[in-house]
Amino acid sequence: MSNITIRPATVADLDCVTDIYADAVTQGTASYELEPPSRTEMGVRFDSLMAGGFPYLVAEKDGAVLGYAYAGAFRPRPAYRFIVEDSVYVAPEAKGQGVGLKLMQSLIEAVRTAGFRQIIAVIGDGRPDSASVRLHEKLGFRHSGRLEGSGYKHGRWLDTVFMQLSLNGGASAPPDPSSLPERKFRLRGD
């Protein structure tokens, strides 16, 4: 584990990211997509997140990408600008080795540094024993909702679990005018 590096993702990582996500889509229930997006589509998604100034990280060991995590807008309406939604995916061969934990710890710090106030995890197949639920609990996320039978994949109904982590004072303090979300909002002129 000690020689795993967490770093910002680059366009050069997108072939590996696309493969990792394709496995999650075809084999798992964390994503409610039914068909894996193409490399081109993953590039469009990456570019959109980068243009928004959101963190997008990869875990790398000996030149191999083992997983990735990013935060993006929770919802497009401007009042939601202080909330991000996280995503984390780990390559099949790296699961159970703490890669997701290292990615999420770094992602949380990047989100905190940018000045966001809440991170929301929207977890597909949110059974209490799921790796994603356990990971988010370990990181201090609290359960904030469940949509029962909200997805149908691999022949069964799945619940979606919402988990939430407050940062930078959460809702207990006014927005920081120097935070990334507030600076972006002011540039828009809304």
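Above this text sits the structure in question.
Residues numbered from 1 in each chain as written. Predicted model: local features only at pLDDT ≥ 70, side-chain atom pairs only at ≥ 80, totals over all residues. Heavy atoms only, no water.

A.B. asks: Can you explain the pattern of salt bridges? Please cite residues and give values.
C.D. replies: The full count for this structure, using the stated rule, is 12 salt bridges. Across the pair R39 and D15 runs a salt bridge whose closest N-O atoms are separated by 3.2 Å. Separated by 24 residues along the polypeptide, R39 in helix α2 (residues 39-51) and D15 in helix α1 (residues 14-27) bring together distant segments of the chain. A salt bridge links E182 to R81, with the nearest nitrogen and oxygen atoms 2.9 Å apart. Of the two residues, E182 is situated in helix α5 (residues 180-188) and R81 in the loop between β3 (64-73) and β4 (83-90); the sequence distance between them amounts to 101 residues. Given the relative accessible area of 8%, E182 is considered buried. A relative accessible area of 24% means that R81 is categorised as partly exposed. Look at the salt bridges and you will find they share partners, linking D125, R127, D129 and R156 into a network. (Salt bridge = Lys/Arg side-chain N within 4 Å of Asp/Glu carboxyl O. Helix = DSSP H or I, 4+ residues; strand = E, 2+ residues; numbered from the N terminus. Buried < 20%, exposed > 50% of the residue type's maximum accessible area, 1.4 Å probe, protein only.)

A.B. asks: Now, about the sheet that holds strand β1 (residues 5-8): what can you tell me, with residues and values included?
C.D. replies: Taken in spatial order, the 7 strands of this open sheet run β1-β2-β3-β4-β5-β7-β6, and their pairing is mixed. Of all strands in the sheet, those bounded by a partner on one side alone are β1 and β6 (142-153). Here the strands of the sheet are splayed against their neighbours by 25 degrees on average, with no regard to which way each runs. Pairing of strand β5 (residues 118-124) with strand β7 (residues 156-166) involves 7 bridges; the strand directions are antiparallel. Bridge pairing in β7 links G124 to T160. Running over the sheet, α2 touches β2 (56-61) and β3 and is turned about 55 degrees from β3. (Pairing = 2+ DSSP bridges. Axes fitted to C-alpha atoms, helices over the stretch in contact; angles between N-to-C directions. Contact = heavy atoms within 4.5 Å.)

A.B. asks: Explain the nonpolar core to me, using residue names and the numbers behind them.
C.D. replies: Counting residues in hydrophobic clusters, the biggest one holds 47 residues, and the most contacted among them are Y68 and F141. No other element matches the 7 residues that helix α3 (residues 99-114) contributes to this core. Apart from the residues lying within four places of it in its own chain, the contact partners of Y68 are V17, I20, Y21, M42, Y56, L57, V58, S87, V88, Y89 and L103. (Core = buried A, V, L, I, M, F, W, Y, C linked by side-chain atoms within 4.5 Å.)

A.B. asks: An account of the packing of aromatic side chains is requested, with residue identities and associated values reported.
C.D. replies: Scanning the entire structure with this criterion turns up 9 aromatic pairs. Summarising the aromatic geometry, the rings of F54 and F116 are spaced 6.0 Å apart at their centres and angled 25 degrees between planes, so their arrangement reads as stacked. Placement of the pair is F54 in the loop between α2 and β2 and F116 in the loop between α3 and β5, with a sequence separation of 62 residues. Owing to a relative accessible area of 1%, F116 belongs among the buried residues under this scheme. The ring of F185 has R81 sitting right over it, with the charged end atom 3.8 Å from the ring centre. K184 extends its terminal NZ or CZ atom over the ring of F54, reaching a point 4.2 Å from the ring centre. (Phe/Tyr/Trp six-rings, centres within 6.5 Å; stacked < 30°, edge-to-face > 60°. Lys NZ or Arg CZ within 6 Å of the ring centre and 35° of its normal.)

Read these as spatial facts, not as claims about activity.
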